[in-house]
Amino acid sequence: MATPYAFASRSDLFDRWSRLESAIDDTDLDPVLITWCRVRARVLFGASPPQSSIEPPAPDIEEFAEQFWMDAHGISDALAERVRLLLGDGPTVALVVLLGLSEVDVRTELMFA
Amino acid sequence: MSTDPRVALIDYAGGVAGTDNFLGHYPQLLRAFDDLYATVWNDGEVDHATKEVARMRNARKTECGYCSQVRFSVARAEGLSEDVVSLISDEFDETELDPRYKDIIRWVDAYLLDPSKVDPRVRADVKAHLGAGGEVELACALAIFRAFGKTLITLGLEPKPGAMPVAIYATPGSA
């Protein structure tokens, strides 16, 4: 669960955001990958120090995720296709949504810190 | 960037705002998104036009072609015309845009550029306009705009350049 604490003052939004995050957990995306994405986004955007205990995903998925966070326009068709072949269509959608949510969770936390 | 879908799309009825074709892979994810998005637009304290200004600014800064061409009906009815939208540019500060909207744009830009270094005056200005709860609502709205704009870009669901005219859609959850 990674719902920004800033939303807590608006329970209508906090609860629904939490349900969206939970819906990601309920996809068939690997829970280890989900955790890595949430932790890595925090590190990349400066909300947490580097954590060596988190095992990185397959290199193509790691490259895909980090390119998404840096500049989603820079993801090539070839890289996207390699990730789709690794994960399948549905989990690729879940991964991309997770990457987006992980980024804005951190941005929101930093904005309201 | 790709304008060809990078994943199989699902013909899933009942979604809003064009998300059903990719979130349809996971109906529980689609329902959770729709519920949140409808709540952000319709049950809040902040007027639609203000949230639409934030959405349009994010669309331009994130370079989401689909988001840039969509307008939502309630914000349009509240007066957010194409003339106003055209002022949400990089030169917005030099335009005749409503000063309230300029404050919203500065807040959006801070969120998108480096939220850890936001000028306290930028947040204070927005809180003065919207209240503390309204600022949270704006943050939630912008978070959705940003996350799902980048999702559309990444999944190859962008329109081909010049292929999509400006389109006014019913505000999600307003029908």
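Quantities reported herein were computed from a predicted structural model and do not represent experimental measurements.

What to know about the overall build of chain A
Here is step 1 of the chain: Secondary structure summary: chain A contains five helices and zero strands in total.
Here is step 2 of the chain: Each helix and strand of chain A, ordered N terminal to C terminal, gives the series α-α-α-α-α.
Here is step 3 of the chain: Taken over C-alpha atoms, the radius of gyration comes to 14 Å for chain A, in line with the 13 Å a tight globule of 113 residues would show.
Here is step 4 of the chain: Considering only C-alpha atoms, chain A reaches an extent of 45 × 30 × 30 Å along its principal axes.

Examining the nonpolar core
Here is step 1 of the chain: In terms of nonpolar packing, the biggest core is built from 93 residues, with Trp 17, Phe 64, Trp 69 and Leu 95 of chain A together with Leu 23, Trp 107 and Phe 148 of chain B touching the most fellow members.
Here is step 2 of the chain: Those residues in contact with Phe 148 of chain B, other than ones at most four positions away along the chain, are Leu 20, Val 97 and Leu 101 of chain A together with Phe 22, Leu 23 and Phe 33 of chain B.

Description of helix α2 (residues 31-44) of chain A
Within an α-helix, residues lying three or four positions from one another point in the same direction, as the helix has 3.6 residues per turn.
Residues and elements named next belong to chain A.
Here is step 1 of the chain: The end-to-end C-alpha separation of α2 is 20 Å, in line with the 20 Å expected for 14 residues at 1.5 Å each.
Here is step 2 of the chain: Next to the buried residues of α2 lie α1 (11-25), α3 (59-71), α4 (77-87) and α5 (89-111).
Here is step 3 of the chain: N-capping of α2 is provided by Asp 30, with a side-chain oxygen placed 2.9 Å from the backbone N of Val 32.
Here is step 4 of the chain: In the stretch just after α2, Gly 46 is the one whose phi turns positive, near 85°.

Brief notes about the packing of aromatic side chains
Residues and elements named next belong to chain B.
Here is step 1 of the chain: The tally for this structure, following the rule as stated, stands at 10 aromatic pairs over all chains.
Here is step 2 of the chain: Between Trp 107 and Tyr 111, the aromatic rings sit 6.1 Å apart at their centres with planes inclined by 15°, giving stacked as the arrangement. Of this pair, Trp 107 and Tyr 111 both sit in helix α7 (residues 99-113), four residues apart, which is roughly one turn of the helix. An identical accessibility class is assigned to Trp 107 and Tyr 111; each is buried.
Here is step 3 of the chain: Taken together through their ring pairs, the aromatic side chains of Phe 33, Tyr 37, Trp 41, Phe 72, Phe 145 and Phe 148 make up a single cluster.

Observations concerning the pattern of salt bridges
All names here are of chain A.
Here is step 1 of the chain: Tallied over the full model, the rule gives 30 salt bridges over all chains.
Here is step 2 of the chain: Note that Arg 10 is salt-bridged to Asp 12, the shortest N-O span being 3.1 Å.
Here is step 3 of the chain: Assessed through its relative accessible area of 7%, Arg 10 is described here as buried.
Here is step 4 of the chain: The residue Arg 82 makes a salt bridge to Asp 60 at a minimum N-O spacing of 3.1 Å.

Quick notes on the state of the cysteines
Residues and elements named next belong to chain B.
Here is step 1 of the chain: For the coordinates displayed, the defined rule picks out one disulfide over all chains.
Here is step 2 of the chain: Between Cys 64 and Cys 67 runs a disulfide, and the two sulfur atoms are separated by 2.3 Å. Here the disulfide of Cys 64 and Cys 67 is right-handed, its torsion about the S-S bond being about 65°.
Here is step 3 of the chain: With relative accessibility at 0%, the residue Cys 64 sits in the buried group.
Here is step 4 of the chain: For Cys 67, a relative accessible area of 10% gives the class buried.
Here is step 5 of the chain: Free of any disulfide, Cys 140 has its nearest neighbouring cysteine sulfur in Cys 67, separated by 16 Å.
Here is step 6 of the chain: With relative accessibility at 0%, the residue Cys 140 sits in the buried group.

Some words on the packing of α5 of chain A against α7 of chain B
Here is step 1 of the chain: In the contact formed by α5 of chain A and α7 of chain B, the axes pass within 9 Å of each other and the chain directions differ by 120°. Between α5 of chain A and α7 of chain B, the angle falls in the class oblique. In this structure, the crossing between α5 of chain A and α7 of chain B has a hand that is right-handed. In this structure, α5 of chain A uses Val 104, Arg 107, Thr 108 and Met 111 of chain A to contact α7 of chain B, whose residues at the interface are Trp 107, Ala 110, Tyr 111, Leu 112 and Leu 113 of chain B.
Here is step 2 of the chain: By residue class, the composition of the contact of α5 of chain A with α7 of chain B is seven nonpolar, one polar and one charged.

Describing unusual backbone geometry
Apart from glycine, the bulk of residues carry a negative phi angle, and the bulk of peptide bonds sit in the trans form.
Here is step 1 of the chain: The backbone of Glu 63 of chain B shows a phi angle near 60°, a positive value even though the residue is not glycine.
Here is step 2 of the chain: In this structure, Glu 63 of chain B sits in the loop between α3 (48-62) and α4 (65-69).

Description of the confidence of the model for chain B
Here is step 1 of the chain: This prediction gives chain B a mean pLDDT of 93; 93% of its residues lie at or above 70.
Here is step 2 of the chain: Reported for the predicted complex are a pTM of 0.96 and an ipTM of 0.97.

Focus: the interface of chain A and chain B
Here is step 1 of the chain: With 42 residues of chain A at the contact, the number on the chain B side is 47 residues.
Here is step 2 of the chain: Contact between chain A and chain B buries roughly 3800 Å² in total, counting both sides, with carbon and sulfur atoms accounting for 68%.
Here is step 3 of the chain: In this assembly, chain A and chain B are joined by seven salt bridges.
Here is step 4 of the chain: Close ionic contact of Glu 103 of chain A with Arg 146 of chain B constitutes a salt bridge, the shortest N to O distance being 2.7 Å.
Here is step 5 of the chain: Run the count over chain A and chain B and you get 22 residue pairs in polar contact (both at pLDDT 80 or more).
Here is step 6 of the chain: Elements that contribute at least two residues to the side of chain A that touches chain B include exactly α1, α3, α4 and α5 of chain A.
Here is step 7 of the chain: By residue number, the principal contributor to the side of chain A that touches chain B is α5 of chain A, which donates 16 residues.

Here is what the cut-offs are and how they apply
- Residues numbered from 1 in each chain as written.
- Chains lettered and ligands numbered in written order.
- Predicted model: local features only at pLDDT ≥ 70, side-chain atom pairs only at ≥ 80, totals over all residues.
- Heavy atoms only, no water.
- Helix = DSSP H or I, 4+ residues; strand = E, 2+ residues; numbered from the N terminus.
- Rg over C-alpha atoms; globule rule 2.2 N^0.38 Å.
- Core = buried A, V, L, I, M, F, W, Y, C linked by side-chain atoms within 4.5 Å.
- Buried < 20%, exposed > 50% of the residue type's maximum accessible area, 1.4 Å probe, protein only.
- Contact = heavy atoms within 4.5 Å.
- Expected span 1.5 Å × (residues − 1).
- Polar contact = N/O pair within 3.5 Å; in protein donor to acceptor, adjacent residues only side chain to side chain.
- Phe/Tyr/Trp six-rings, centres within 6.5 Å; stacked < 30°, edge-to-face > 60°.
- Salt bridge = Lys/Arg side-chain N within 4 Å of Asp/Glu carboxyl O.
- Disulfide = S-S within 2.5 Å.
- Axes fitted to C-alpha atoms, helices over the stretch in contact; angles between N-to-C directions.
- Parallel < 35°, antiparallel > 145°, perpendicular 65-115°, else oblique.
- Left-handed = near helix turned anticlockwise from the far one by under 90°.
- Nonpolar A, V, L, I, M, F, W, Y, C, P; charged D, E, K, R; others polar.
- pLDDT = per-residue confidence, 0-100.
- Buried area = accessible area lost by both parts, 1.4 Å probe.

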